[in-house]
Amino acid sequence: MTTAANRKIRIGVQLQPQHAEYKAIRRAASEAEDLGVDIVFNWDHFYPLYGEPEGLHYECWTMLGAWAESTSRVEIGALVTCNSYRNPELLADMARTVDNISDGRLVLGIGSGWFEKDYDEYGYEFGTAGGRLDNLAEALPRIESRLGKLNPQPVRDIPVLIGGGGEKKTLRLVAKHADIWHGFGDPEVVERKVKILDQHCADVGRDPKEIERSVAVEGEPEELGPKLLELGVSLFTVATGGPDYNLDKLRSWIAWRDKQG
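Residues numbered from 1 in each chain as written. Predicted model: local features only at pLDDT ≥ 70, side-chain atom pairs only at ≥ 80, totals over all residues. Heavy atoms only, no water.

**Quick look at the pattern of salt bridges**
Summed over all chains, the structure comprises 20 salt bridges. For Arg10, the salt bridge goes to Glu75, with nearest N and O atoms at 2.7 Å. Taken together, the residues span a long stretch of sequence, with Arg10 in strand E1 (residues 10–16) and Glu75 in strand E3 (residues 75–78) at a distance of 65 residues. Overall, the relative accessible area of 13% leaves Glu75 in the buried class. (Salt bridge = Lys/Arg side-chain N within 4 Å of Asp/Glu carboxyl O. Helix = DSSP H or I, 4+ residues; strand = E, 2+ residues; numbered from the N terminus. Buried < 20%, exposed > 50% of the residue type's maximum accessible area, 1.4 Å probe, protein only.)

**Some thoughts on the layout of surface pockets**
Of the voids in this model, the largest pocket is the one considered here, and its volume is about 900 Å³. Every residue lining the largest pocket is counted, 44 residues in all, and those nearest its centre are Gln14, Leu79, His182, Phe184 and Ala216. Those elements giving two or more residues to the lining of the largest pocket turn out to be E1, strand E4 (81–82), helix H5 (129–149), helix H8 (221–230), strand E9 (233–241) and helix H9 (248–259). Broken down by class, the residue content of the lining of the largest pocket amounts to 19 nonpolar, 16 polar and 9 charged. Size it by volume and the second largest pocket reaches roughly 550 Å³. Taken together, 24 residues form the lining of the second largest pocket, with Asp157, Ile158, Pro159, Val160 and Asp179 sitting closest to its centre. Considering only residue class, the lining of the second largest pocket consists of 8 nonpolar, 4 polar and 12 charged. (1 Å grid on protein atoms, 1.4 Å probe; cavity = no way out; pocket = protein on both sides within 12 Å on 5 of 7 lines; lining within 4 Å. Points joined across faces, edges and corners; volume = space filled by probe spheres on them. Nonpolar A, V, L, I, M, F, W, Y, C, P; charged D, E, K, R; others polar.)

**Some remarks on the packing of helix H1 (residues 22–35) against H9**
The contact between H1 and H9 brings their axes to 10 Å, and the two run at 20°. Our classification of the angle between H1 and H9 gives roughly parallel. For the pair H1 and H9, the crossing hand works out as right-handed. For the pair H1 and H9, contact is made by Glu31, Ala32 and Leu35 and by Leu250, Arg251 and Ile254, respectively. Its residues placed into classes, the contact of H1 with H9 shows 4 nonpolar, no polar and 2 charged. (Axes fitted to C-alpha atoms, helices over the stretch in contact; angles between N-to-C directions. Parallel < 35°, antiparallel > 145°, perpendicular 65-115°, else oblique. Left-handed = near helix turned anticlockwise from the far one by under 90°. Contact = heavy atoms within 4.5 Å.)

**Some words on the nonpolar core**
In this structure, Leu15, Val37, Val40, Trp61, Trp67, Leu228 and Phe236 are the most contacted members of the largest nonpolar core, which totals 63 residues. Non-local contacts of Trp67, meaning those with residues more than four positions away in its chain, are made with Leu15, Tyr22, Ile25, Ala29, Val40, Phe41, Asn42, Ile76 and Arg105. (Core = buried A, V, L, I, M, F, W, Y, C linked by side-chain atoms within 4.5 Å.)

**Considering empty space enclosed by the protein**
Applying the stated criterion across every chain yields a total of 1 cavity of 30 Å³ or more. There is about 30 Å³ of room inside the largest cavity. Lining the largest cavity are Leu108, Ile110, Leu140, Ile143, Glu144 and Val160. Breaking the lining of the largest cavity down by element, the ones donating at least two residues are strand E5 (106–111) and H5. Sorting elements by how many residues they give to the lining of the largest cavity places H5 first, with 3 residues.

See below:
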């Protein structure tokens, strides 16, 4: 069994699919793979989250299908899919398909959703944060069930990544369903979240060491990396947006990973 003690340090990059032509995004994904990144993520929105609100933007899962063909080694996924935007059974089928196209490289990142403009413009009911989390709780077993029924099956047991830090609902869903937890914040915030996640794991009878801990990072790896490693974090993800997709910080984190052995 893979546990926190024997996990490899991994580096991810989130290529935010905003303010860029697709050819620039594809080029950045290929460059990140060549640099040695472990996972390439996009995100699941319909409009830019910052900058020009009506700027260039592309859809998440169509892009993941393209990445499945244009890359060959890296894992790929959304950071994260919005549960509200697709029927759970359909999402499972989409994930299975992308996993097969990529020969078993998909990570199924998922969250409850939060960006109200997406909902309003595309005709989804925004509701409440609690209601969206309840919907996610209802969807996850349906996704798991459908994955078991599909023919052909996924190439591997697709890792489920749940993003978010909600202490009562989200982290309990992580304890019950996720292979990877993705959070945000400085080491003090992460320390609090992982303690709460550990307690949720105890409550549902799961070993917390089974769950890979992932954090979005903005600081310098030599300073931030060791602090997060002490908290059991092993996946460190750098974000970059269009139009240029500067990968300098990604290079620093990959170099730091490689120094750790």
